[in-house]
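Fold and contact review
Given next are the chains, with one letter for each unit.
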Amino acid sequence: MPALPAGPLMVASVELYLDERAARRIRVLWDQLEELGVQSLRTPHNGRHRPHVALAVARQLDPEAVAAALAGTRVAEPLRLNFQYSGVFVGRVVFLGPAPTPALIEHQARIHGLLAAAGMDSLPLYRPGEWVPHSTVSMRVPRPLLTEALRKCLESLPIEATVVRAAVADYARDIFREIP
């Protein structure tokens, strides 16, 4: 994920989860990164992270308020994602990137708009027009291992995926609520 504003690193997100085949391939990549000495998303928060694409990220989200704001909207739209590239955000955050298809961009903008209308605004880099679709694989890659981590990511591609579920997740507060 892009660099967050200063302050305590407590964030919540609306996440899209991938079909089991794609999720398994990303978990294999997580394992390969761990073997290199790069902490993947498998490690933080007692391994509760799941391979995902976050549509919205905020300092805090009330899962019931999110569910109410998104009532009648299918968040887990069965979008097809094609992870074709890897990249690095500021802070040595390494990610896999799905092609930013019109369907994905429009879906994220719709979800963001509903949340914003209900008074829940994403962090600036998750707002429509700023958002870079991605699945984070590591939050802080040590500089000496960055090139090797990116090589591992690129070797794992392409990954075809279908969105199968969605949830509001706040791992620091142990909140996880599935939403349709």
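No experiment lies behind these values; they were computed from the predicted model shown.

So, how was this worked out
- Residues numbered from 1 in each chain as written.
- Predicted model: local features only at pLDDT ≥ 70, side-chain atom pairs only at ≥ 80, totals over all residues.
- Heavy atoms only, no water.
- Salt bridge = Lys/Arg side-chain N within 4 Å of Asp/Glu carboxyl O.
- Helix = DSSP H or I, 4+ residues; strand = E, 2+ residues; numbered from the N terminus.
- Buried < 20%, exposed > 50% of the residue type's maximum accessible area, 1.4 Å probe, protein only.
- Phe/Tyr/Trp six-rings, centres within 6.5 Å; stacked < 30°, edge-to-face > 60°.

The full count for this structure, using the stated rule, is 10 salt bridges. For Arg 177, the salt bridge goes to Glu 64, with nearest N and O atoms at 3.1 Å. Highlighted residues: Arg 177 in strand S7 (residues 175-179) and Glu 64 in helix H3 (residues 63-69), separated in sequence by 113 residues. According to the relative accessible area criterion, Glu 64 is partly exposed, its value standing at 48%. Of the charged contacts, one joins Glu 178 and Arg 165 as a salt bridge, the two residues approaching to 3.1 Å between their closest N and O atoms. Note that Glu 178 is positioned in strand S7 and Arg 165 in strand S6 (residues 159-170), a separation of 13 residues in sequence.

According to the stated counting rule, one finds 3 aromatic pairs in the structure shown. Judged by centre distance (6.0 Å) and plane angle (45°), the rings of Tyr 17 and Phe 176 are tilted. Taken together, the residues span a long stretch of sequence, with Tyr 17 in strand S1 (residues 12-18) and Phe 176 in strand S7 at a distance of 159 residues. Since its relative accessible area comes to 3%, Tyr 17 is described here as buried. Residue Phe 176 is classed as partly exposed on the basis of its relative accessible area of 34%. Each ring, one from Phe 89 and one from Phe 95, has its centre 4.2 Å from the other, and the planes form 20°; the classification is stacked. Residue classification places Phe 95 among the buried positions, given a relative accessible area of 5%. Here the aromatic cluster, defined as three or more aromatic residues joined through ring pairs, consists of Tyr 85, Phe 89 and Phe 95.

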